[in-house]
Amino acid sequence: MDDSAVSAAADALLGAYAACAPIDPIIGMFPDATVTDAYRIQQEQVRRWEAAGDAVKGHKVGLASLAMQRQMNVYEPDFGHLTASMFHLEQMPIDTSSWMQPRIEPEIAFVLGRELRGPGVTVADAIRAVDFVVPALEVVDSRIKDWNISIVDTVADNASSGGVVLGSRPTRLTDIDLRTVGCTFRISGEQVGTGAGGAVLGSPINALVWLANTVGPLGTTLEPGHVVLPGSMTRAEPVRAGDTVVADMGPLGSVTAVLAP
């Protein structure tokens, strides 16, 4: 894709945000688009958000678990940017009016204490860079009609990012084995899923390594203080206004998202 096509695809996705109405798949509009093109489309949107006053506060890894890959029919991880406007406070009502077809998923969020820049980042490097982890809920939302996404579509659409709620109880990596952390996932009192940290690429720390080594060659450094979402422990579940969502992660504590009626 040339620069004008990348700009046109970014315009289409930004138009979907503005109208709060999903669009046809990007891959249908630009059938020759590659994953590399899709990341250029994503980055063009981030550039415009920053120009309008938003700020990058972290990154997410999407499609990191087999459950999510099967659900979305996409069989490789991707990444997206988390901006300040995507973060919402735990237990406080969240306005859902800007979301189009939201789903929610539980994750173990990393908060970095040191920068990570790939390529060449190892598990040891990643562990040293993590300040603490907290339980998190991520809202994924697609600007593509009916979630009819290819890998190009979800990457171009900022990895289907929608919103983030972080728990308030920090835990050091030395105090927990991320692989064995279990999760019970409830929406409005109904249990909708269970999972474990090991479902995320074997361990969530592997997702952090993958992210650092993937974004590094693109000129991106994972910054101290930034949040990294490594991927869902379960399938993503649909939510609607008025729902209360709780992810209980045992020794990590719990996190609650309250969606305003």
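Every value quoted in this text rests on a predicted model; they were computed, and no experiment measured them.

Asker: Would you explain the pattern of salt bridges in this entry?
Answerer: Close approach of charged atoms allows side chains of opposite charge to pair. One pass over the full model with this rule turns up 12 salt bridges. One salt bridge connects Arg-172 with Asp-131, and the closest N-O pair in it is separated by 2.2 Å. With Arg-172 in the loop between strand 7 (161-166) and strand 8 (182-187) and Asp-131 in strand 6 (residues 130-140), this residue pair connects regions lying 41 residues apart in the sequence. On the basis of relative accessible area, Arg-172 is assigned to the partly exposed category, the value being 44%. Arg-179 is the salt-bridge partner of Asp-177, the closest N and O atoms lying 2.9 Å from each other. Each of Asp-11, Glu-44, Arg-47 and Arg-48 takes part in a single network of salt bridges with overlapping partners.

Asker: Explanation requested: the environment of Glu-44 in the structure shown.
Answerer: Within the secondary structure, Glu-44 is located in helix 3 (residues 35-51). Classification of Glu-44 by relative accessible area gives buried; the value is 17%. Taking the C-alpha atoms as reference, Glu-44 lies 33 Å from Pro-170; in sequence the two are 126 residues apart. Contacts of Glu-44, omitting those with residues within four sequence positions, involve Val-6 and Ala-10. Among the polar contacts listed, one links the side chain of Glu-44 to the side chain of Arg-48, at a separation of 2.8 Å.

Asker: I keep staring at the packing of helix 1 (residues 3-19) against helix 3 and nothing clicks. Help me out?
Answerer: Packed helices, taken two at a time, are described by the angle between their axes plus the distance between the axes. Orientation of helix 1 relative to helix 3, taken along the N-to-C sense of each, is 60°, at an axis distance of 9 Å. Considering the angle they form, helix 1 stands oblique to helix 3. Seen from above, helix 1 lies across helix 3 with right-handed handedness. From helix 1, Asp-3, Val-6, Ser-7, Ala-9, Ala-10, Asp-11, Leu-13, Leu-14 and Tyr-17 reach across to helix 3, where they touch Arg-40, Ile-41, Glu-44, Gln-45, Arg-48 and Trp-49. For the contact of helix 1 with helix 3, a count of residues per class yields eight nonpolar, two polar and five charged.

Asker: When you look at the nonpolar core in this model, what are you seeing that I'm missing?
Answerer: The tendency in soluble globular proteins is for nonpolar side chains to be buried as a group. Among the nonpolar cores identified, the biggest contains 66 residues, and Ile-104, Phe-110, Leu-208 and Leu-222 are the most heavily contacted of them. Ranked by the residues each element gives to this core, the list is headed by helix 7 (residues 204-215), at seven residues. Filtering out sequence-adjacent residues up to four positions away, Ile-104 remains in contact with Leu-137, Glu-138, Val-139, Phe-185, Ile-187, Arg-235, Ala-236, Glu-237, Val-239, Val-245 and Ala-257. In terms of nonpolar packing, the next biggest core, distinct from the first, is built from 13 residues, Trp-49, Ala-109, Val-134 and Val-227 among them.

Asker: Quick question: what am I supposed to make of the sheet that holds strand 12 (residues 244-248) here?
Answerer: Strands belonging to one sheet form pairs held by backbone hydrogen bonds; the direction of such a pair is parallel or antiparallel. With respect to topology, five strands assemble into an open sheet ordered 4-13-12-8-9, the strand pairing being mixed. Of all the strands in the sheet, the pair left with one neighbour each is strand 4 (93-94) and strand 9 (190-196). Pairing geometry for strand 8 and strand 9, over six bridges, is antiparallel. If you follow Phe-185 over to strand 9, its bridge partner there is Gly-193.

Asker: Whenever I open this one, the packing of aromatic side chains confuses me. Can you help?
Answerer: Each aromatic ring pair is summarised here by two numbers: the centre-to-centre distance and the angle between the ring planes. Scanning all chains against the criterion turns up two aromatic pairs. Pairing Tyr-17 with Trp-49 gives two aromatic rings, centres 5.6 Å apart and planes at 90°, and the pair type is edge-to-face. One end of the pair, Tyr-17, is in helix 1; the other, Trp-49, is in helix 3, and 32 residues separate them in sequence. Since its relative accessible area comes to 27%, Tyr-17 is described here as partly exposed. Classification of Trp-49 by relative accessible area gives buried; the value is 17%.

Asker: Looking at this structure, I do not really get the pairing of strand 13 (residues 254-259). What am I missing?
Answerer: Most of strand 13 is tucked away: five of the six residues are buried. Inspection of the sheet shows strand 4 paired to strand 13 by two bridges, in the parallel sense. If you follow Pro-93 over to strand 13, its bridge partner there is Val-258. Relative to strand 13, strand 12 is paired through five bridges, and the arrangement is antiparallel. Bridged to Thr-244 within strand 13 is Val-258.

Definitions and limits used
- Residues numbered from 1 in each chain as written.
- Predicted model: local features only at pLDDT ≥ 70, side-chain atom pairs only at ≥ 80, totals over all residues.
- Heavy atoms only, no water.
- Salt bridge = Lys/Arg side-chain N within 4 Å of Asp/Glu carboxyl O.
- Helix = DSSP H or I, 4+ residues; strand = E, 2+ residues; numbered from the N terminus.
- Buried < 20%, exposed > 50% of the residue type's maximum accessible area, 1.4 Å probe, protein only.
- Contact = heavy atoms within 4.5 Å.
- Polar contact = N/O pair within 3.5 Å; in protein donor to acceptor, adjacent residues only side chain to side chain.
- Axes fitted to C-alpha atoms, helices over the stretch in contact; angles between N-to-C directions.
- Parallel < 35°, antiparallel > 145°, perpendicular 65-115°, else oblique.
- Left-handed = near helix turned anticlockwise from the far one by under 90°.
- Nonpolar A, V, L, I, M, F, W, Y, C, P; charged D, E, K, R; others polar.
- Core = buried A, V, L, I, M, F, W, Y, C linked by side-chain atoms within 4.5 Å.
- Pairing = 2+ DSSP bridges.
- Phe/Tyr/Trp six-rings, centres within 6.5 Å; stacked < 30°, edge-to-face > 60°.

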